[in-house]
Amino acid sequence: MALTGKQVRQLRALAHHLNPTVQIGRGGVSDAVVEQAEESLEAHELVKCAVQDGCGLETRDAASTLAELAGAEVVQVIGHRFTIYRESSRKDIEKIKLC
């Protein structure tokens, strides 16, 4: 499910006002972090994550690892924060309509 440039721009605009809901700390991308990210993706589809200073991973590496394990796409990486997207399978939430 590769995102087009237009879709990435749309998701970046939507993610601008989000606060990080998933924190990656000293333990790196652990099973608990992946589980938390999957729950957030199912509830919101678009999730902003933050990499703490104590983490031994670069932000881009953490983003690609978490996206791969959660079955999501990396939307953007800026500084110590990144945004991932995955379409939710839940019917009771308002889904993001991609261009």
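Above this text sits the structure in question.
All of the points below concern the structure found in this document. Values in this document were obtained by computation on a predicted structure and should not be read as measured data.

Parameters at a glance
Residues numbered from 1 in each chain as written. Predicted model: local features only at pLDDT ≥ 70, side-chain atom pairs only at ≥ 80, totals over all residues. Heavy atoms only, no water. Helix = DSSP H or I, 4+ residues; strand = E, 2+ residues; numbered from the N terminus. Expected span 1.5 Å × (residues − 1). Buried < 20%, exposed > 50% of the residue type's maximum accessible area, 1.4 Å probe, protein only. Contact = heavy atoms within 4.5 Å. Axes fitted to C-alpha atoms, helices over the stretch in contact; angles between N-to-C directions. Parallel < 35°, antiparallel > 145°, perpendicular 65-115°, else oblique. Left-handed = near helix turned anticlockwise from the far one by under 90°. Nonpolar A, V, L, I, M, F, W, Y, C, P; charged D, E, K, R; others polar. Core = buried A, V, L, I, M, F, W, Y, C linked by side-chain atoms within 4.5 Å.

Here we take up helix H2 (residues 31-44). Along its 14 residues, H2 runs 20 Å from first to last C-alpha, staying within 8% of the 20 Å computed at 1.5 Å per residue. Among the residues of H2, those classed as buried are Val 33, Val 34, Ala 37, Ser 40, Leu 41 and Glu 42. Close packing links the buried residues of H2 with strand S1 (22-24), strand S2 (46-51), helix H3 (59-70) and strand S4 (81-85). Glu 45 sits one or two positions beyond H2 and adopts a positive phi of about 70 degrees.

Turning next to the packing of H2 against H3. Running from amino to carboxyl end, H2 crosses H3 at an angle of 65 degrees, the nearest separation of the two axes being 10 Å. Here H2 is positioned roughly perpendicular relative to H3, judged by the angle of their axes. Seen from above, H2 lies across H3 with right-handed handedness. Of the residues in H3, those touching H2 at Val 33, Val 34, Ala 37, Glu 38 and Leu 41 are Leu 66, Leu 69 and Ala 70. Grouping the amino acids of the contact of H2 with H3 by side-chain chemistry returns seven nonpolar, no polar and one charged.

Glancing now at the side chain of Ser 40. Within the secondary structure layout, Ser 40 lies in helix H2. Ignoring sequence-local partners within four residues, the contact set of Ser 40 consists of Thr 21, Val 22, Glu 45 and Val 47.

This part takes up the nonpolar core. Core analysis: the biggest nonpolar cluster contains 19 residues, and Ile 24, Cys 49, Leu 66, Phe 82 and Ile 84 have the highest contact counts within it. Elements supplying a minimum of two residues to this core: S1, H2, S2, H3 and S4. For this core, the element with the highest residue contribution is H3, accounting for five residues.

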